[in-house]
Structure formats: C-alpha cells, structure tokens
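# An overview of the molecular structure
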Amino acid sequence: MHGLRRLSALSGGLLPSSRLWIVAFLLPAALMAVLFLYYPLIFIVRMSFTEKDTFLSPGGPLYTITNYLDLTGRYAPNILVTIKLAGLATLVDLAFGFPFAYILIRKVRYRDLVRAIMVFPMFGALYIAFGMRFVLLPGGFLTPILQLLGVEGAQVLYGLPSTVFAMAIFTFPFMVMNIGAALSNLDPMLEEAATCLGARPWQTLARVILPLVRSGVIAGCLVCFGWNVGAFAEPLLLGSLEEQRSLAWTLYQRGVVQLDYGLSATMGVVLLALAFSVNYLSLRYSRGGLVE
Amino acid sequence: ATPTATPQPTAPPVGETVHVSILNRDMTRDEIVAAIQEEGGLVVANWTYTANDELVNQFQKYVRDSYGVNITLTYEGSQAPSTYLTNLYAAQAAGNPPPYDVMAIEENYWADAVAHNAPEAYLPSGLIPNQALVLDQFQHVPTSIAFQSTAFPGVVYSRARAGWMTKLTDLADPRLRGRITLPLPGDITAGGVLVSLAAELGKDYRDPDQMKEVVDYVVDNLVPNALKLTTDSSEMQQLLRSGAVDAVVFWNSLARLEFLGGNADAGLLISPSGVFAVNGYLWIPKGAPHPVLAQIFINWRLSPEVQLPNDWPIDHGPWSEFHEGFLGPAYVDRIPAWFQADYYTYFPTLDQIQTQFKTLDWEAYNTGVDEWMDYYSERLGL
Amino acid sequence: MARVRLAGITKHYGTTVAVQDFNLEVVEGEFVTLLGPSGCGKTTILRIIAGLVEPTSGQVYFDGVEITHLSSNARNIGFVFQTPALFPHLSIAQNIAFGPSVKGYPQAEIQARVQRLLAMVDLEGYGDRLPAQLSGGQQQRVSLARVLATDPRVLLFDEPLSALDRNLRETLKYHILELQRKTKKTAIYVTHDQSEAFAISDRIVVINAGRIEQIGTQTEIYLQPQSPFVAEFIGANNSLAGQVLEYSPEEARVAAEGFHLRCRSGLPLAPGEPVLVYIRPENIQLLTDGRSASHRNLWEGTVERVVFEGSAAQVHVNVKGRLFKVEVSGAQRLEVMELGKSPIWLGFDEVTLIPQKSPR
Amino acid sequence: MARVRLAGITKHYGTTVAVQDFNLEVVEGEFVTLLGPSGCGKTTILRIIAGLVEPTSGQVYFDGVEITHLSSNARNIGFVFQTPALFPHLSIAQNIAFGPSVKGYPQAEIQARVQRLLAMVDLEGYGDRLPAQLSGGQQQRVSLARVLATDPRVLLFDEPLSALDRNLRETLKYHILELQRKTKKTAIYVTHDQSEAFAISDRIVVINAGRIEQIGTQTEIYLQPQSPFVAEFIGANNSLAGQVLEYSPEEARVAAEGFHLRCRSGLPLAPGEPVLVYIRPENIQLLTDGRSASHRNLWEGTVERVVFEGSAAQVHVNVKGRLFKVEVSGAQRLEVMELGKSPIWLGFDEVTLIPQKSPR
Amino acid sequence: MNLARLRRHLADLISHAYIWGCLLIFVTPFLALLSYSFEKVGGVSLVNYEYVFGSFMDNLLTSVRVSGAAVLINLLISLPAAYGLVRYRYPAKGFILSALTLPLYTPAAVLGLSLVLTYNFTYKLTTSIWGLVFAMVVGTFPLMVVPIVVALKDLPQVFEEASLSLGATRWQTYWRIVFPLIGPGISAGILLSFVIVFNEYLVTLFVSPPGVTTAPLRVFNLVRTAGLLNTTAALAATLQIISFIAVLIFFRLFGTRYLKGTYLI
Ligand SMILES: Nc1ncnc2c1ncn2[C@@H]1O[C@H](COP(=O)(O)OP(=O)(O)OP(=O)(O)O)[C@@H](O)[C@H]1O
Ligand SMILES: Nc1ncnc2c1ncn2[C@@H]1O[C@H](COP(=O)(O)OP(=O)(O)OP(=O)(O)O)[C@@H](O)[C@H]1O
Ligand SMILES: [Mg+2]
Ligand SMILES: [Mg+2]
C-alpha cells in the first residue's frame, strides 16, 4: 500500500500515475491466470480427494484420502522413476550442454544459425520421440550402425538410455540457454586475466569459470529437471515398462483411459508440486531480476 | 478404379414415406432431404479405422449422390475410447447435446453406456433397411447393431520363427524371452486377451478373483518375456516384420493387415479354447443432434459396398479394415477376386462365425473388469 | 626485467589488417607507450605480446628467445586490462594470491607476497573485502598488485585508466609510474590519450592504422613530428599547405595559402618542395601592439571569438579570412576576455614543417 | 523566448533529497548553465522544468504563469538529452517532423520546417537516412533540429555532449551556442564539465548536493569562488587552511600551515578569522632565480617531478615538505623538462581566500 | 612451435565438430520424419503431401485458427501487462511476474487434466473451441510477456520522454514510439507462442472438444492408432517446416536478441 502511494512521486509526470492504471494494465493477465490456471489447479487439488470418477455422478463426489495413500504406497516407485528419469536427463544435458554453451558463446560466430537449429527440439517432445523411435526401430536409419556395433536395435530402442536421451534432447536448449546466458555475462577478460596470471586451462575452468557461472548451471539444471518431470511422449514411446511408470504418463493412463480421475488428479498434484518447487528455485536463480 | 457400386439410397421413392422410430415420424423423401440440410453434418466416434479419409469422402459423396446435399462428416479418432464415454456422460449429465451422433466402438462400451442409460432406442428404422442384412446374433435391438463380426484380441506371430505356437499360454515359453509385446492395461484390448487367457487357464471371467489369478499368471509368466507393453499397432507391425519380436498380442486384424501389406509370414493364433468376439457396435446417444444423418450413416456402414469396398481407390491394407467378417449371408459373394484365395485364412466362414465365436456376458464383464484391470495395473506398477 | 622484441608482426582479422609489419624493441626496465587513435591496432599488438592473440606472421622475442607460439600462461607476463577484471567471487587477497597459487607457491610465501603488495598499492586492511566493495580506482590498484604478485617479466597495460574519472586517472597514472620505477620492470602501455602518454613514458610509439608512424621521446614526438599524422594527432591544430621558397640551415621561407612564414627546419629542404606547415595554438602569442615584437612571424588579424576555459582561453583570430586558433594561458587569459572584434597581432617562432611527400 | 522561474523547488526521492529549496530566475534569451558534480541534482531540476518529474514542493513559472503541474507535452519545451534519443525507426526527416506532426501542423508547413532545420544544422540531404546511419555528432545535431522544430519556448540541455568524443564536443559546443544566439531562445544547460560551462554560458549556477552554491558569470565563478566547494570544484588545487593575521583593503596577511601569504581579498576580514587559502596551479610562476622577482609571494622549493602534457607541463614542487602543483605553459613548459631535483622559486600574486565559516 | 599451432587448430576443429554433431542429433528426428514422408512404395514421391493439403487441411486450418486466436489474445493481454510490470514501481513485482509465468512450469498433462476436469466435466463447457484457445493462451503467456518485458526494459525511457517533451500525447507516444520500438520483442513473443501453440498436442489431447482436432493432435492420434504412416510423417514434417520457417524469418528480421531470457534460447 505504502509503495503504491509512493508511486506517483516516483514516476513523476511521465506515466499515467494512478493505482487504477496499474490494476488496469495487469487485470487481464491476472484474470486469465486465475481463471485458467489457478482455479483449475485448486480444483484438481479438491478432485484429488474424491474417489475415482464420482465427481461426475449425480449424487456428488465421494471424498477420500485413499488416493494419497495409494500414491505414497503403490505409486511410490512411479514417483521415484519420474525423478530418476528427470534427474538423469538433466545430468546428460549438463554434461553435453556445458561444453556446447561454452563453445557457442566463446568460439562460434554463426551463433544465430546454431540458435535457429536449436529450436527444433522445442517443437515438441512428440516429434523427438517419434523420430527417435523411427530411427532406432529395427530397419531404421541407425540399424546398420547399431549392427556394426553389435547391438540389437530393439534392445536400444526401449529402455532407460533412449528415454533419457530423448528427454535430454528436448530440454537441451534450456540448459544451453541458461549456461550460455551466464557465460555471456562472464567477461572473457576474466579468463584472459587468469591465463596471463599463469593458470592452465583446467585451473581457469575450475577456479574462475565454474564458480562464476554456478548460478546459470544450477538454474539450467532446475529448469531441465522441472520440464522433464512432466515428460509424457518419451516414456510412452521409448520406455520399457519401467520408464512407462513415469507420472505424467500414468496420470493419463489412470485418468483418461481407466477413468480414475481422483487418482489421476492426485498424481497431477504431486507432479505440480515437484515441477513448481523446482522451478521456483530456478526462478530465484535465474530470473528474479527481470523486473525488479 | 472408378467407384461405381453405390449403396442403395435409404430414401423412399417420391410419394412414399418411411417410419423413423427415433423421431417417431413417417418421413417423405423431401422431409428427409430437408432434415439432412438442416443437420448439415454429423460426428462419428470411432477409434479403429485408418482409412477414414476415404470413408469420409465416400460417405459425403454418397449423401450428395443420393440426396443432393453437401454435408460434413467428422470422424473422431481417439486413442482412448473411454474418453468418448466420459465426454458423452458429462454432456448428458449437464443436459447438453452429446458431442457425437454415432458411436462406433466396442460392445463393452455399449454395455457400459446401457448401464448409464445413455444410448437411444432407434431400431428398427425405416432409414436403416440394411438392418435386415445382419444376423440376429449381431444385433442389440433397439439400441445397437454390429458393424464387425469377428474382431477379437489375440496373438499374431511369425510363422517362421514361432510356428510352434498353438495357444496363448505359449507366450510364456522361455524361447520368447524379450520377443513378444503385450497390451497396456486399461482398455478392451488387454481385457479381451485376459478373458481368452482365462478360458485357456480354465478360469471364469465373471469372477474377479479368478481373473486376478489370470493377471498373476500374465505378470509372472508373460511380462518377463515382453520387450514392450504397447497398444500401438504400427510399432508391433514394424517389430514383427523386422524380426525384433516373434509374437505380438493385439487384434486379429493385424494378421491380415500384415498379409495384405506383403508379409505372408504373419500368422493368426486361435486359441483351442475358443474365441470371444469383441465387435464394434453402432449406436446413437440419447439427444444426438443429427439423428437422421446418424441413421443414414449407420445404414450406409452396414451396406455390403462399404463392408467390402471393392471399388474405392484404396490399397489392400486399408481395405481389410472395413471388413471384419460377414455380418450375414448378403455379404458372402462380395469377396474380391484378388483376395479369394486367402480369404478364409484370415476370415472365418459364415458357418464358423455362427458356431465358434462366443459372446461375452458384457454386464458381468463390466461389473468385474475395473477390479481386476486395476489389479493388473497395480501388478505392472502402472 | 626482460627485453621484448617484435619482429615483422602482422595480424589479419579476415580482410581487416589490424597490425602491419610491426617492429619494436623495448629494453629492460623501459616504459614504452603505444599511442594512437581508436582501432589503430594497439590492443592487438599488446595481446600478441601477451600471447592472447597469435600473429599472422612475425615473431615475438623475450630476452632474445622466440616465444611467438608460447601459450599465455607460460610467458610470465602481467597484463592490466582496461577494466580491473578482478575475479568477483574472490576476496582482494585471494585475487592477488591467484597467480602465485596457480603456480603452486607455498602458502606462507603467498601470504607474505599478498601483504607486501597490499601495502605497495596502499590497500592494507582491504584484503578480506570483495572487489565489488571497492571503488574503481582501488580495484584498478588491486589489479596492479595481482599482476605484480607473480613477479612478471613484462608489464602490459591496455588503457588501464580510461574507465576511471579524471581525478583518479591523474593519481593512478603516477602510481603506475612509481610502481614501474620501483620494480624496474619493462612496461608496455597502451593509450589513445596523448597527455597520458607524455606524462609517463620513456619512449612513445605513435601508431596509425597498424603501422608505426614515429618512435621517440615525448619531446621528440611533440616538437619534431615526422608525419602529418603525428603532427595532427599531437594537436597542432593550425595547418597550412605550402611550398618552400628559400632554404638555409638557419631559416626556411615558406609560402602557404597566401601566407608567408619564416621558420627553422631540421631537415634540408629544396626550394619548391611542397610542405605542410603546422602552428600550434599554444605557440602563438597574442599582442595588442605587434609592431614592437621580435617574433619571426607577425601577422595582423581580428578576434572572432574568445572562449574562456578556466586555466586557459581559446581565441579564434581571423587573419586574411582564415581562422587561427590561439591558446592563451597565464594572466593574459583573463585579459583576452575583454577583447571585442578588435585588431590584434599574432606572433610566433615555432613552426613545424613536414615535407608533403615524406615517406610514411 | 520565455522567462523561467523556479521558486522553492524541492524534490525527494524516498529518503534521498535530490533538490533542496532551489530558486532561480532565467531571463528571456539567456543561456544559463547548471554546473555540479555527478548526483548533485542537475538532471532532476531540468526534468522538473520539463515536466518529466513533479517536484515535491515549490513552483515552476514560465513567463510568470505557474505550470508546476502541467504535463510535459503541453509545456512547449525543447529537451535535448544526453544521448541523441532519436527515434530509431523513423528517418531523420521524420524525427524532425515528429513534434510538428503530433501537434497536427499542416504537411506543407512541416516539410518546410524540416528542410529549414536540416539546413540550419548543416545536414541537408540527410533527411532520408535512419539515425543509425549517422555519426554520434550528426545525431546530436538532428536532435537539436528536432527540438527546434516545435519552436519551443525554452531549450533544455542535459549534458548533450558528454557521450561524444573530445573533438566533436568542441565543435558541437559552438554549434549549440550559435543556434541559441540565432534563435534567441532561453536555454538552460546542464553539465559537470567546467570548461564546457565556461565556454558557452551567460551565467553559471554551481550546484552541490541539491543546493545552489553560487550563481555568476564565468569570471565571477572562476575568480571569486564564494565557497570552498566552488573553489575546489573549479580546480584550485593547492589549498591550505589558515588564519588572518592582518587585514587592510589593499592586502591581507595570512598564516596557513606554516606558510605566510600576502594577498588581496574582496571581503573584509577580521584578524584571527579562520580562512581557506587556494592557490591555482596556473597562477604560480616558476622562477629559477627568485630574488629578482616582484611577486607578492615568493617561496623557495625543490622540483619533485615534472610531467609534460603537451601544451602544458605539471611541476610538483616541494616547499617545506609540502607539495605544490604548478602548471607551466608557453615556452617555459619545454624548459622545465630539464629541471632535476633543483631548487626553484614559486612566485604568485593571486590567492583566493574564503572565510572558513562562510554561510553555505 | 608449429605443433602448438596445430594443436590450436585441432582444438578449434573439435569444438566446431562438437557443435555440429549436437545439432545433427537435434535435427535427426526431423530428418527421419522428412525422409519417411517422401517414401512411397517403390520410390520417392511427394504424393504423401497431397494428404496434407487434402484431408489434413482441416486440421491444419484448425491449428492455424487456434494458434492465431491464442496468439492474438495473448498479445492483447501481454502488452499492457508488460508495460505495467516494467514502467511502474510497486512492491512484489517479481512475485507477480512469477505468478503469471508459472503456467510455463505446469506440466502439460497436469494443465490439461485440470482444465478438462474443471471446465469440461464440471462446468460442461465441452463444445467450444475457446476452452482450447484459452488453455493455449495461459500456457504460452509467459513466452509472450517475457520478450516484451525484456524489450521494454531494453528500451530507454528517454524515447518516451523525448516524445512527450515534443508535445505528443500518451497515446501518440504508445502508438508511434513505444510499440514500433518494442516490435522485435513483440515479434519474439508472437514467434515463441506461435511455435509452441502450433505444435502443442498434450494439452490439446485433454481439452480439445469433440470435432476439433488440431494438426499435432491428429499426428498423435494417427500414430497411436494407425502407426507411423508416410502421410502422417508428411503432416508432422509440414508442421515442423512451417514452424522452422517462422523461426528463420524472425531470426532474419530481428536476430536473437529478444529471445534472451525467454527460456528458449
Ligand atoms: N577479434 C577481432 N576480430 C575481428 N577484427 C578485430 C578483432 N579485434 C580487433 N579487430 C580489428 O582490428 C583493428 C585493431 O583493433 P584493436 O582493438 O587492436 O585497436 P585499438 O587500437 O586497441 O583500438 P581502441 O583504442 O578502440 O581499443 C580494428 O579495426 C578492429 O576492428
Ligand atoms: N528516479 C529516481 N529515483 C530515486 N532517486 C533518484 C532518481 N533520480 C535521481 N535520483 C537521485 O537524486 C539525486 C540527483 O540525481 P540527478 O540525476 O538529478 O543528478 P545529476 O546531477 O544529474 O547527476 P549526473 O551528473 O550523474 O547526471 C541522486 O542522488 C540520484 O541518485
Ligand atoms: Mg584497444
Ligand atoms: Mg544527470
């Protein structure tokens, strides 16, 4: 309140300076967020306490907490798988993304071209998963190479490695973007200063670069993890039974296929909690200063 | 090929009327045309067909040719038929018109819908003279009629690599480790297989506890052999063809699709303990916004020209998807020449249909399925 | 402590020629400044010496040993950048300790050095602060200390003062000079500010478009510019193009754009030779009565404008339709404020003559 | 064209007081400069006049009419910003036409103005270019033209030259001055650069921490600073604190930090009164033999360091253990280069005295 | 000596090879789809693309309509929001921005489920396409607003001040100065939200009303029911090609500056 009142003094003559204006500017966005995000989310929290699809029945919903018991009991492995997949994909992103970002920012002149091509994964995990399956399926592009390596296609196709790999491709740009942003804020002069002071490349990396892009790395990891927690198409198309247990997919299976909306909503709530908490942290690391 | 054979129009000749029970009206041709014009289009819920482009074109053409009206046919393909029911029940509970005019999905869903009092009584109808072509065993008058007669989930296997297979329980054979696919839990694909397995294992599908024993058998003996749990037919086809798996558990139609696609190695396994048909049925939800077109569609779908579309410009593979066995004697002599030699390898004779295909007690099935299907999910960890 | 020699250094960036056939020898303990306008290649040369950029051709020698392709971290140089470039996550002491520590010096030795250097740059007690807690000038002093901590053979400075404000610049300039004198290290300093170059250098290398224009001491550069570029860059603002009329070792007579000039010239000039004539604003005296003056050249003109600038005043004088700038300092700068559009005399002796076809 | 009056303007930003009780009257056609260090509130005052910031209290009058709360777009002012702030998506001509066009002038009239103004700032033929295709100096000239296009009542300049390099600054400075003289518009100019202020102003307002320190012409400010702040800001570098020993209208005698000084003072001073003494480096003469000189003050010292800066040299002289700076210009600046640590005499007459408890 | 030089060149070579290797992996799925889409029994053919402009045209048009509506509404909401977030000072601004951008972090399946449970099942708003549109708007709002916020923050306030001091009204200032100058940011927002909405299938899978099948959903459904047909591959490839062309056009016009801070680049 006090801050708002001070507003007119701060903005002086430049801006239409009344509290009403701020409200007017932000109202449509707020309305939309509340109507189409927060209200439905609160709604599924309620739904997660109802039994199966009883909320549809004329007699009204039956309330229960068994969904949560189920989730922490029977579905605990599913939560763990979800976290495992997202975690591994994040690690893969980090391992490949850091050098990628470094080379991109420090050595590459055709950066816009690279960025344009890097947009491909963003078109959706669906295409990636289809494409990967298509490439890896026996008879696909990679079959000759795999045969050369003595691997049987089908073994590579379904399982942890291919699922994690597809997930990692999808979120790779997020990792590169975050680390790249941190790196481009890091003055190359600092690296040169370290070199001139006699530091070998690995000393420069360990003692100057890494400490200074730490927040970018953490933010990148968190964002990747947050997105991958909701992975759907990759486990469905590329996972074995184990990977297919990931929550977003089970949620769909339980809710839409088996009409257990209560349980499905519960999984939604858990996923949401996972994604939000992780991304809240990443916001703090990467974008807090955007408007403040 | 030029499409010549057009199904007979359902419209009465000028001057005469037909009785349309759903509207409880006698309608002249002009009234029907007016109704079609008014309705303008319809939505069909169906998840099985891939040749739906051609189907859409042909039906629109048929209406244009027969009544001189351009209409739109929306052919809703969805991966989960249960979504249709949820959408339908939700709309009906809200007092909204249902989102679909024709439901073309498996019998069990019809049974579920009946339990929800969702289907409309529309048979017999003057707009559906083709009803007469269909055997009684494929009719649930007044609410539904089959457009398939021999669909069932089962095993399709490689004759070359697994020619020794004779029954469903052979899927547990150690020779098949990592070389089969199984359906995901959830819908009738998994349900149908489990029911057939129950018969093979001597269990009663009506008893959920016995079905759980079947589930245990599957999880303990079959799942370890599975390369992938999937309900994605193309994936199965490709795996089968490339030799990555020796047998897949899916619908019987896959075998002939493979054959028609040039893979003569795919064989269809029919369990010695018999076959439970899980056919697709056509019904109209209560309050459907386009009842006249819905019935014209149903009638058209039942016509021999559409069941065995010899004159459409479509490939052999998709061709077979319109035909799931004879619905009655009227269809028998429409088998195309190019398929006659192999027809009875992949389709039963009318005789076999009438004697070997067993009907499920869908009420009993629907009462118990949630329980044991959930158990299946649980055992799989899904 | 080291001799630095650049032999025929050339550097191309794509089609840009940043440095062209650059030869320079810097002796031990000397303070050499590279002076030139923006983009002339100063930084590139410095970075080639530092090993941060590889020359397209040519060699770099330290103490007679070629090190052209030696990596930067093995050269033992001290590079002071335009910005302090302190490691923001390390304390001041850790920053200074960085060099010795990556070289694996013993801890006790490192601590001792840090303390000594903090004292040397007048920042005792600041060791535990982070760079962000220091002012710009203090930071630049820390960066000096950090560079000295590894006891480098050569000190390289790339416009280390240009990001600071004027007062700080003055102070730090002397600080740098004193440190260099104290440590007796060879220093190569880059700047585009001539007064900075004049203030601290033993020798100045004037660079234009990647080439050396002139090498010399401050006064050589200032009094005997050897090319129009140097003359203009050093600020001889009044320039005329003319021809030698007469030449004797004592005096040359030049006709330029309608003016007659008498001047001395170090170079022998042939009559008829085209020359550029530069007259520095601060070398001209304003005389209210010119007839009694003893200047070699004495012109009459009218004052067009007087601009008071504090410690000096700029007077623009119109002589035969051409404006000449005169810089007036001392007590006279206050008197000229009162001048209207009055007639006035310009008297001057020092004139710079540069043959127009002098080799560049 | 308009009189501008600020009456008791105060501006608070939260707890920061940016401007405190500011009173100023600028007459028609006058060129007034606000001079002060960074953060002293210059920009704030200018923006209050422009209507871009509302004062916390106090009034702004144009031609006697209060406009304190009038919105900026209704004031008819011309504001030239530090950066040219040309609209990058509009051509030069469209930029100039922007003001007249939002005011709905007829097209023909707008075109005529644009042409006239392009000519006025020497940019004919540049109308179709985009701002990015012009150099910084040209851009700033366009921004002048853009501002003049609406025929504003007052011209406001907020350090319009500080983003340009030195040479451009010189040229544009005169350009601005000439345009102002030609159009006879009231101008208020903000800068932190004293030589800029001296060069162009009718009157200078020296500001410190949001308050006026002194208002006066260039020479008043330079020769008679009325507070230690002004004296130091204007650059009287040698300062001493002392006490008046004797006072007569012709001469005051002061003892300061062990030195004796004789000087004139405009103010009457009582003996014993504490004063600050400022001696400008450029007011001191270096004499190799002091005994024959006629300066009021004559001190002996030794040269500590000579810094050649081109048109001048800085000599640091140690007198009784204290360093004094002397600026040497003219021919002597070359001679002092040769001075070693030799004894030397400082002679000077002009000394600035400021009572230490002078009201601020 | 020359060895040192060789080593540097080799390091450079490896660096660039690494970048291109990664890029190749990114585009492999697309290239696979593309090559498959040209396959036809007995050779290479464009015939599969006839379907894209035949029976898939409806889906494409639906996609275009949904994307268009979503992007437009998004823009109308985002412009004032961004202005209010950047140009005013008030407490908890960062919190408000976070709250508005959270949808980006909501797993699509959860967003879809919550919307379908709330609006389709509970409030029975099943038949309208607007549910889908708004689901898209809320999901991509952050992608629209963040580039605009970045552009506005990058836009020195001095342009607005200059405009005002030259006599322009506030509306004239917005229309003639602010909007054109944050054009690249607006375009970045449009690009990002378009690319995402245009390719979104998961939220659509939940919330699309009967009879409304967007192109990506069609791809998903077809692949799940009919397998990966050449024609489906053609549709999927077409979607990606359209998206990529949009990206290329944008990059050519505006570069990547305004994509910074948008999670994507
Ligand atoms: N990495 C690079 N790539 C391409 N061209 C470069 C690079 N570095 C410098 N140049 C070009 O080489 C020339 C010399 O640049 P350099 O930085 O050495 O000049 P400088 O004298 O230090 O200028 P300044 O005073 O502006 O720092 C310039 O034309 C510059 O544009
Ligand atoms: N919008 C603002 N919010 C808070 N404080 C401000 C604002 N604008 C200026 N100030 C403060 O008011 C004081 C005066 O600022 P102002 O910009 O007027 O100084 P200035 O003399 O123009 O300085 P400079 O020479 O650096 O431009 C400073 O302390 C500054 O930090
Ligand atoms: Mg440089
Ligand atoms: Mg300012």
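Criteria and thresholds
- Residues numbered from 1 in each chain as written.
- Chains lettered and ligands numbered in written order.
- Predicted model: local features only at pLDDT ≥ 70, side-chain atom pairs only at ≥ 80, totals over all residues.
- Heavy atoms only, no water.
- Helix = DSSP H or I, 4+ residues; strand = E, 2+ residues; numbered from the N terminus.
- Buried < 20%, exposed > 50% of the residue type's maximum accessible area, 1.4 Å probe, protein only.
- Contact = heavy atoms within 4.5 Å.
- Salt bridge = Lys/Arg side-chain N within 4 Å of Asp/Glu carboxyl O.
- Polar contact = N/O pair within 3.5 Å; in protein donor to acceptor, adjacent residues only side chain to side chain.
- Nonpolar A, V, L, I, M, F, W, Y, C, P; charged D, E, K, R; others polar.
- pLDDT = per-residue confidence, 0-100.
- Near = heavy atom within 4 Å.
- Areas by Shrake-Rupley, 256 points an atom, 1.4 Å probe, with all protein chains shown as cover.
- Pairing = 2+ DSSP bridges.
- Axes fitted to C-alpha atoms, helices over the stretch in contact; angles between N-to-C directions.

Moving on to the overall build of chain C. For chain C, the count of helices and strands is nine helices and 20 strands. A total of 360 residues make up chain C; the buried ones form 56% of that total. Long-range pairs, those at least 24 residues apart, make up 67% of the contacts in chain C between residues at least 6 apart in sequence.

Take the interface of chain E and chain A next. Across the boundary between the two partners, chain E contributes 98 residues, which contact 92 residues of chain A. Scanning the region where chain E abuts chain A turns up one salt bridge. The partner of D12 of chain E in a salt bridge is K107 of chain A, and the shortest N-O contact between them spans 3.6 Å. Between chain E and chain A we count seven residue pairs in polar contact (both at pLDDT 80 or more) in total. It is helix α1 (residues 2-37) of chain E that provides the largest number of residues to the side of chain E that touches chain A, a total of 19 residues. Residue composition of the side of chain E that touches chain A, by class: 70 nonpolar, 18 polar and ten charged.

A separate point is the confidence of the model for chain E. In the predicted model, chain E carries a mean pLDDT of 83, and 91% of its residues have values of at least 70. Interface predicted TM-score (ipTM) for the complex: 0.78; the corresponding pTM is 0.80.

Looking at ligand 2, there are 13 residues lining it, with S38, G39, K42, T43 and T44 of chain D nearest. The environment around ligand 2 is built from residues contributed by chains D and E. Take G41 of chain D: an N or O atom from its main chain is 2.9 Å from an oxygen atom of ligand 2. Measuring from an oxygen atom of ligand 2, one finds a side-chain N or O atom of E159 of chain D at 3.3 Å. Within the complex, 64% of the 630 Å² of free accessible area of ligand 2 lies under protein. Broken down by secondary-structure element, the contributors of at least two residues to the shell around ligand 2 are β2 (16-26) and α1 (42-50) of chain D. Across the shell around ligand 2, the residue classes tally to four nonpolar, six polar and three charged.

Think of a sheet as strands paired side by side through backbone hydrogen bonds, with each pair either parallel or antiparallel. Residue and element names in this part refer to chain D. With respect to topology, five strands assemble into an open sheet ordered β15-β19-β16-β17-β18, the strand pairing being antiparallel. Strands at the two margins of the open sheet, each flanked by one partner only, are β15 (285-287) and β18 (322-329). The sheet shows a mean angle of 45° between the axes of neighbouring strands, taken without regard to direction. Relative to strand β17 (residues 312-319), strand β16 (residues 297-308) runs antiparallel, the two being bridged by six bridges. For V306, the partnering residue across the bridge sits in β17 and is V315.

This part covers the site of ligand 1. All names here are of chain C. Near ligand 1 the following residues occur: Y13, T16, A18, P37, S38, G39, C40, G41, K42, T43, T44 and E159. With respect to ligand 1, the side chain of K42 contributes an N or O atom lying 2.9 Å from an oxygen atom. Between ligand 1 and the protein, one listed contact pairs an oxygen atom with a side-chain N or O atom of E159 at 3.3 Å. Computed on the free molecule, ligand 1 has an accessible area of 630 Å², of which 60% lies beneath the protein chains in the complex. For the shell around ligand 1, the elements supplying multiple residues, two or more each, are β2 (16-26) and α1 (42-50). Top element by residues in the shell around ligand 1 is α1. It accounts for three residues. Counted by class, the shell around ligand 1 contains four nonpolar, six polar and two charged residues.

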